[in-house]
Amino acid sequence: MYQLSVPFMLDQIEQYGTDGFIKKLKEIEADAVVLALDCYVVDEIKRKKVFDSLKENVPIFQKAGFKVGVWVWAFMIREENTYVHMASPNGSVSQTQVCPSDEDFILFAQDYLRNVAASNPDIIMFDDDFRYGCLDCGQGCACKNHRGYMSKILGEEVPQENLGKLIFSGGKNKYRSAFLQANGHYLKEFARKAREAVDS
């Protein structure tokens, strides 16, 4: 038998109230709700408001009989920030997608996820921006940190100039292999550190 999970934006609760949502959810016999957050919030006051809302509303929906999930963006920040952003091998830099190779961003994201976990949801899930594809800057990341990791793999300095051509032209080659390895490495490391954060 299928289970029905219903996602909606956390900030909609302010507008409509929990009672209205709970009534409708029960009418359609939903089993779970997923409270979707917007992208990461850099502003400390606004960020606290998000976490306070989660701590208030997660238990309300749980007490009403629903499993409760929280839907979190993995790498998107719209506010101005100094983190390393994803950059394609052709040199385009993403406006909103931060690269998980940035250690300062990792610390920020870990703290964010700890606060999400503190509301005790039944599940936390990442948005499908947990990826290096279909970005506003192109496919994959070749930011300075990725190029540095590729250089270690290859034992030579990986150039920024013409890197897209080196990676994407012709058949299998060492640059493409190192590029794929670097992209996989930082995604897996982010996932591992995210798990550490919610379990701490």
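Located above this text is the structure these notes cover.
These numbers come from a predicted model, not from an experiment. (Residues numbered from 1 in each chain as written. Predicted model: local features only at pLDDT ≥ 70, side-chain atom pairs only at ≥ 80, totals over all residues. Heavy atoms only, no water.)

Looking at this structure, how should I read the packing of aromatic side chains?
Where two aromatic rings form a pair, the distance of their centres and the angle of their planes describe that pair. The final tally for this structure, using the stated rule, is 20 aromatic pairs. When the ring of Tyr-83 is compared with that of Phe-108, the centres are 5.9 Å apart and the planes differ by 40°; the resulting orientation is tilted. Taken as a pair, Tyr-83 in the loop between β3 (67–72) and β4 (85–87) and Phe-108 in helix α4 (residues 103–117) lie far apart in primary sequence, 25 residues in all. For Phe-108, a relative accessible area of 12% translates into the label buried. An angle of 45° between the planes, with centres 5.7 Å apart, marks the rings of Phe-126 and Phe-190 as tilted. In this pair, Phe-126 is assigned in strand β6 (residues 123–126) and Phe-190 in helix α7 (residues 174–199), connecting sequence segments 64 residues apart. (Phe/Tyr/Trp six-rings, centres within 6.5 Å; stacked < 30°, edge-to-face > 60°. Helix = DSSP H or I, 4+ residues; strand = E, 2+ residues; numbered from the N terminus. Buried < 20%, exposed > 50% of the residue type's maximum accessible area, 1.4 Å probe, protein only.)

Help me out: how do you make sense of the sheet that holds strand β1 (residues 5–9) in this one?
Two pairing modes exist for strands in a sheet, parallel and antiparallel, and in both the strands are linked by backbone hydrogen bonds. Taken in spatial order, the four strands line up as β1-β2-β3-β6 in an open sheet, and their pairing is parallel. One side of each edge strand has no neighbouring strand; the edge strands of this open sheet are β1 and β6. Averaged over all adjacent pairs, the angle separating strand axes in this sheet is 25°, with direction ignored. Both β1 and strand β2 (residues 32–36) contribute to a ladder of five bridges, which runs parallel. Paired with Pro-7 across the bridge in β2 is Val-34. (Pairing = 2+ DSSP bridges. Axes fitted to C-alpha atoms, helices over the stretch in contact; angles between N-to-C directions.)

What is the right way to look at the nonpolar core in this model?
Phe-8, Leu-25, Leu-35, Leu-37, Phe-61 and Phe-105 are the most contacted members of the largest nonpolar core, which has 49 residues in total. Where this core is concerned, the elements lending two or more residues are β1, α2 (18–27), β2, α3 (44–63), β3, β4, α4 and α7. Ignoring sequence-local partners within four residues, the contact set of Phe-105 consists of Tyr-40, Ala-74, Phe-75, Ile-77, Tyr-83, Val-98, Cys-99, Pro-100 and Phe-190. If you look at the next biggest cluster of nonpolar residues, it comprises 10 residues, including Ala-142, Val-158, Tyr-175 and Ala-178. (Core = buried A, V, L, I, M, F, W, Y, C linked by side-chain atoms within 4.5 Å. Contact = heavy atoms within 4.5 Å.)

Would you explain the pattern of salt bridges in this entry?
When charged atoms on two side chains of opposite charge get close, those side chains can pair. Tallied over the entire structure, the rule returns 10 salt bridges. In this structure, Lys-48 engages Asp-52 in a salt bridge whose closest nitrogen and oxygen atoms are separated by 2.7 Å. Of this pair, Lys-48 and Asp-52 both sit in helix α3, four residues apart, which is roughly one turn of that helix. Judged by its relative accessible area of 51%, Lys-48 falls in the exposed class. Residue Glu-156 pairs with Lys-174 through a salt bridge whose shortest N-O separation is 2.7 Å. Taken together, the residues Glu-156 in the loop between α5 (144–154) and α6 (163–168) and Lys-174 in helix α7 connect sequence positions 18 residues apart. (Salt bridge = Lys/Arg side-chain N within 4 Å of Asp/Glu carboxyl O.)

Teacher, can you tell me more about α3 here?
For an α-helix, 3.6 residues make a turn, and residues three or four places apart therefore share a direction. The end-to-end C-alpha separation of α3 is 29 Å, in line with the 28 Å expected for 20 residues at 1.5 Å each. All of the buried residues along α3 are Arg-47, Val-50, Phe-51, Ser-53, Leu-54, Asn-57, Val-58 and Phe-61. Of the surrounding elements, those touching the buried residues of α3 are β1, α1 (12–16), α2, β2, β3 and α4. N-cap assignment for α3: the residue whose side-chain oxygen lies 3.2 Å from the backbone N of Ile-45 is Asp-43. Looking one or two places after α3, you find Gly-65, whose phi comes out positive at around 105°. (Expected span 1.5 Å × (residues − 1). Polar contact = N/O pair within 3.5 Å; in protein donor to acceptor, adjacent residues only side chain to side chain.)

Would you mind going over the pairing of strand β5 (residues 93–98) with me for this structure?
A regular strand places its side chains on the two faces of the sheet in alternate fashion. In the sheet, β4 pairs with β5 via two bridges, with the strands oriented antiparallel. When the sheet's bridge partners are listed, His-85 is paired in β5 with Val-98.

Explain the packing of α4 against α7 to me, please; I cannot follow it from the model alone.
Relative orientation and spacing of two packed helices are given, respectively, by the angle between their axes and the distance between those axes. Taken N-terminus to C-terminus, the directions of α4 and α7 make an angle of 40°; their axes are 8 Å apart at the nearest point. For the element pair α4 / α7, the angle class is oblique. In this structure, the crossing between α4 and α7 has a hand that is right-handed. Residues Glu-103, Phe-105, Ile-106, Ala-109, Gln-110, Leu-113, Arg-114 and Ala-117 of α4 form the contact with α7, whose own contacting residues are Phe-190, Lys-193, Ala-194, Glu-196, Ala-197 and Val-198. Looking at the contact of α4 with α7 residue by residue, the classes come out as nine nonpolar, one polar and four charged. (Parallel < 35°, antiparallel > 145°, perpendicular 65-115°, else oblique. Left-handed = near helix turned anticlockwise from the far one by under 90°. Nonpolar A, V, L, I, M, F, W, Y, C, P; charged D, E, K, R; others polar.)

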